[in-house]
Each structure stands twice: as structure tokens, then as C-alpha cells.
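Observations on chain architecture
Each chain is listed here by its residues.
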Amino acid sequence: MTSASIFRARAARARPLGRLLAVRVLGTVGVLLALSIVIFSLMYLAPGDIVKNLLGNRPVTPEAVAAVRAQYHLDDPVVLQYLRWLGGFVTGDLGTSIRLQLPVADAISSRLGLTLSLCGLAFICALAVAIPLGVRSAVRPGGAVDRVSNVFAIVGLSAPTFAIGLLLLYAFAYYLPVFPVYGAGNGGVDTLRHLVLPAITLALGLGAIVLKLTRTAMLRELASDYVTSARARGLSERTVERIALRNAAIPIVTGASLVLTFLVGGTVLAETTYALPGLGTLLQDSVLFKDIAVVQSLTLLVAVVIAVIALLADLAYLVLDPRVRTARRPS
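In this report, we go over the structure that sits alongside the text. (Residues numbered from 1 in each chain as written. Predicted model: local features only at pLDDT ≥ 70, side-chain atom pairs only at ≥ 80, totals over all residues. Heavy atoms only, no water.)

**Some points on the environment of S109**
Within the element layout of this structure, S109 appears in helix α5 (residues 104-139). Under the relative-accessibility criterion, S109 is labelled partly exposed at 46%. Taking C-alpha positions, S109 is 9.8 Å from G278, a pair spaced 169 residues apart along the chain. Side-chain polar atoms of S109 contact the backbone oxygen of D106, separated by 3.1 Å. (Helix = DSSP H or I, 4+ residues; strand = E, 2+ residues; numbered from the N terminus. Buried < 20%, exposed > 50% of the residue type's maximum accessible area, 1.4 Å probe, protein only. Polar contact = N/O pair within 3.5 Å; in protein donor to acceptor, adjacent residues only side chain to side chain.)

**A closer look at the side chain of S36**
Assignment of secondary structure puts S36 in helix α1 (residues 3-45). Among the polar contacts made by the side chain of S36, one reaches the main-chain carbonyl oxygen of L33 at a distance of 2.5 Å. In contact with S36, not counting residues within four places along its chain, are Y82, W85, L86 and L300. (Contact = heavy atoms within 4.5 Å.)

**Overview of the packing of aromatic side chains**
With the rule as written, the count across this model stands at six aromatic pairs. Taking 6.3 Å as the distance between ring centres and 25° as the angle between the ring planes, the aromatic pair formed by Y170 and Y175 counts as stacked. Note on Y175: relative accessible area 58%, which makes it exposed. These aromatic residues form a ring-pair network of at least three members: F40, Y82, W85 and F89. (Phe/Tyr/Trp six-rings, centres within 6.5 Å; stacked < 30°, edge-to-face > 60°.)

**Focus: the packing of helix α7 (residues 161-175) against helix α8 (residues 189-222)**
The contact between α7 and α8 brings their axes to 9 Å, and the two run at 140°. The angle between the axes of α7 and α8 places the two elements in the oblique class. Between α7 and α8 lies a crossing of right-handed hand. Between α7 and α8, the contacting residues are T161, I164, G165, L168, L169, F172 and A173 on the first element and L197, I200, T201, L202 and L204 on the second. Residues of the contact of α7 with α8, tallied by class, amount to nine nonpolar, three polar and no charged. (Axes fitted to C-alpha atoms, helices over the stretch in contact; angles between N-to-C directions. Parallel < 35°, antiparallel > 145°, perpendicular 65-115°, else oblique. Left-handed = near helix turned anticlockwise from the far one by under 90°. Nonpolar A, V, L, I, M, F, W, Y, C, P; charged D, E, K, R; others polar.)

**Focus on the layout of surface pockets**
Here the second largest pocket is characterised by a volume of approximately 410 Å³. Lining the second largest pocket are 20 residues; nearest its centre among them are T115, C119, V264, V302 and V305. Of all elements in the fold, only α5, α11 (262-273), α12 (279-289) and α13 (292-320) reach the threshold of two or more residues within the lining of the second largest pocket. In terms of residues, the lining of the second largest pocket owes the most to one element, α5, which gives six residues. Broken down by class, the residue content of the lining of the second largest pocket amounts to 15 nonpolar, five polar and no charged. (1 Å grid on protein atoms, 1.4 Å probe; cavity = no way out; pocket = protein on both sides within 12 Å on 5 of 7 lines; lining within 4 Å. Points joined across faces, edges and corners; volume = space filled by probe spheres on them.)

**Points about the environment of G185**
Considering the arrangement of structural elements, one finds G185 in the loop between α7 and α8. Residue class for G185 comes out partly exposed when judged on its relative accessible area of 34%. Between the C-alpha atom of G185 and that of L276, which follows or precedes it by 91 residues, the distance is 9.3 Å. Ignoring any residue separated from it by four or fewer positions in sequence, one finds G185 in contact with D190, T191 and H194.

**Quick word on α5**
Here α5 contains 36 residues, and its C-alpha end-to-end distance of 50 Å stays within 8% of the 52 Å for a straight helix at 1.5 Å per residue. Considering bend angle alone, the principal kink of α5 is centred on L112 and spans about 40°. (Expected span 1.5 Å × (residues − 1). Bend = angle between axes of the 7 residues up to and from the residue.)

Written as C-alpha cells, this is what we have:
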């Protein structure tokens, strides 16, 4: 086979994947565009007056009100306001926070590190506990580990985030003063100590979903014919479990990447419960003040992150499962 024919064969194999990727990206862009319209419309129609929030209850002159409305372009047509905001978001100009009197990009970047650290720590804790428990539960269904895992999953799926946070605060910050009650600490190890309880609070819900996905995937693989054949050939049980886990990794990885979006909503409640100065509390305070620039930018930014995670999950499925790539090739 010549090099030209090899190149053509590789191009033929990559063409369906390229089309699939283009469709996924275009679909993601379309969804984000629709979400941007919904977010802007909801904030525009929300009750409350930005001018009153900014100027307070003190007497003001009509000239002062007009100046504020002109400064923030509040009297422009709705479509022009939306296009100006969307164009600024795309180019990185998120506007100015009315409440903080800071650029929105600076307000978000100053709190982004803490939220990312919290989400990362929670995600690592969830995977480190849930995947081994799910595997053990599937290997010995009905055993002691399986029963403990079911209790863990029920609590994680049913208990609200704020309720778990308050319970952990009472147990490990008040009754047993092992961890701090609130705040983000002074950096380094002190910040890590402040993030332990919030991370566990978030990891319980996320870990419960990953545990169920892992157990279901492993049970299906262990009941497959190739596992029976491997055992008949005399392979050790540990080797059989490792083979089954490799095949079960496809739904586990894709499922874990999708449930990662659970952290986005849960972070708001966790940061509020533990008084962490992250993006969750920034969003809450901005909604109460009706700081439109912050709420719109932060909400759309969260939507972008969720959309990217979903897109990466689809691509991970294609990478991990060659059957999907083969099925999409033209016959």
C-alpha cells in the first residue's frame, strides 16, 4: 500500500469524526446563543430598579437619575442592549459591576481561584471514594460494602446540599472543633482546611451519582460472556475485574464528566453555607442587588462551562469506544 493510499484511508476514517465534531460544536454554539437570550430577557424583566439600588434611599434629582441611566445605557433599545452585552462577552469586555464599581472580569477573576479549588477538591474526593466503592459493590452484590454503599448513595442523592453542610458544620466545626466554621483562610494549608468541609458537602451528592454509575456498569460487564470465558480460561479474579473495569470505564468517565455539572449549582449553596467568597456568593449577592452585568456574565459563563463539559464528554465517548467510531463510518 502506497503512502498516498494510506493517507486517503486515514482521511476517510477521520472525515465522519470531523463532521460529528463540527455538528457538536455548532449545536453547542446554538444552545449558548439561545441561553444568552433567555438570561438577558430574564434579567431585563426581573423586578427592581438598578438606579434605586445604586443611589439608595436618599433623595436624588431627576438629573442624577438620568445621568446614571445614560452611563449604563439603560434607555437604549432592548435589542441594542443585548447585542452590546453579547459582543462585550465574546470579546472579554464584561462591563462594570454597579454594586462593586469594578470591572466584572476583575470581580470574577478575583474569586475564580477559590471556586475552582473547591470544585476540584470535591471532584477528586468523589471519584476517589465512589469508584472503588462502586466496583466492590458490583463484585460482591448484597455484601457489607454494597449495603454501606447503598446507604451512602441514598444520603448523597436525597439530602440537600445546605442540610449536609449545616450537619457537618455542627459535627466537625462546633461539636468537634476540627475544621473552621467559615471563611477561606489565609492561603496555603489554611485555605485547604477551610475547603475540606465544603468539598465533602459537594462530594457526597456527586459521589453518590458516580457510585451508582460505576456499580451498574460493572454489574453489566461482569455478567458479560467475555467475563465468563475469561474465568473459564483460569484467569485470576483480580485480572477479570481489571478487564471488566476497563470496559466499564466508558460509561463511568462520560457519566462522571456530565455529573461534574452538579458542582456548578451545588457550589452556590455550599459557598453560602460556609461563607466562602467565591463565585457562588458573588452570584447570590449580585442577584439580590440586581447587578445585571455580573449576573448575566457569570450565568452565561457557567452555561459555557457546562456546555464545554458536555461536549468533552461526547468526545471522550468517541475516544474510549472504538465501536462508536466504526458505526459512524460509511459502509
